[in-house]
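A closer look at the structure
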Amino acid sequence: AGCGYDDYSNKTDLAQLEGNSNIEISGNPTITGQVFGAGQGASGYDNMAKLTGNSNVIINTDLSTEVYGGGNISQTVGKTNIDIRGGTHTADIYGGGNVGIVNGDTNVDINGGSQTRVFGGGNQASVTNSVVNVNAGTTNEIYAGGNAASVDTTKVYLQGGEATTIYGGSNQTGTVQTSNIETTS
């Protein structure tokens, strides 16, 4: 999905993407902003930079910037997927969007690396359902919900790796209707 532009008054459906968004971060990148699986959007324009499809973000390097499976302000209609394969991650990782809601499910797979905080949901944006799969690596804090956002149903599966603290709900605020945490390791 795209960014849009400054004069939104009669062009509310700009910069949309119908299809999948695929991002892979590896090597030694210099990223000074944030990473979004979907678009930027504009406040008050629900369809601006909307992604209709799935976002897929693969992380296989050190990062000190926030990563979102969804968009900044734009909405995502579909599923978001984050696959953490390696690296050290000192900023938050969100399965959902920053302010942009996800009309669908989020999935975060932790398959390696070292994470400070991982959220199944969004920062300030609701998602339908979230799943966090911990297969390898180490994570300090896992919130199955969002930071300050609601999620209908959350699930965390600890099948390998290490997690210091797992919360079935959200961090600061947000309603979670049903939460499931399952450990098999």
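Anyway, here's the lowdown on the structure attached to this text. Computed from a predicted model, the values in this text were never measured in an experiment. (Residues numbered from 1 in each chain as written. Predicted model: local features only at pLDDT ≥ 70, side-chain atom pairs only at ≥ 80, totals over all residues. Heavy atoms only, no water.)

**Topic: the side chain of Ser170**
- Position of Ser170 relative to the elements: it lies in the loop between strand S14 (162–167) and strand S15 (176–183).
- Under the relative-accessibility criterion, Ser170 is labelled buried at 17%.
- Side-chain polar atoms of Ser170 contact the backbone nitrogen of Gly146, separated by 3.0 Å. (Helix = DSSP H or I, 4+ residues; strand = E, 2+ residues; numbered from the N terminus. Buried < 20%, exposed > 50% of the residue type's maximum accessible area, 1.4 Å probe, protein only. Polar contact = N/O pair within 3.5 Å; in protein donor to acceptor, adjacent residues only side chain to side chain.)

**Considerations on the packing of aromatic side chains**
- This model, assessed by the stated rule, comprises 5 aromatic pairs.
- When the centroid spacing of 5.0 Å and the interplanar angle of 10° are considered together, the rings of Phe119 and Tyr143 count as stacked. In this pair, Phe119 sits in strand S11 (residues 102–119) while Tyr143 sits in strand S12 (residues 127–143), placing the two residues 24 residues apart along the sequence.
- For Phe119, a relative accessible area of 0% corresponds to the buried category.
- An aromatic cluster of at least three residues, connected via ring pairs, comprises Phe36, Tyr68, Tyr94, Phe119, Tyr143 and Tyr167. (Phe/Tyr/Trp six-rings, centres within 6.5 Å; stacked < 30°, edge-to-face > 60°.)

**A word on the environment of Gly27**
- Looking at where Gly27 falls in the secondary structure, it is placed in the loop between strand S2 (21–26) and strand S3 (35–36).
- With relative accessibility at 44%, the residue Gly27 sits in the partly exposed group.
- Counting along the chain gives 35 residues from Gly27 to Asp62, while the straight-line C-alpha distance between them is 8.6 Å.

**Here's the deal with the nonpolar core**
- Ranked by internal contacts, the top residues of the largest apolar core, which has 18 residues, are Ile59, Val67, Ile82, Ile84 and Ile110.
- Setting aside residues up to four positions removed in sequence, Val67 forms contacts with Val35, Val57, Ile59, Ile82, Asp92, Ile93 and Tyr94.
- Counting residues in hydrophobic clusters, the runner-up holds 5 residues, among them Phe36, Tyr68, Phe119 and Tyr143. (Core = buried A, V, L, I, M, F, W, Y, C linked by side-chain atoms within 4.5 Å. Contact = heavy atoms within 4.5 Å.)

That's the geometry; what it means functionally is another story.
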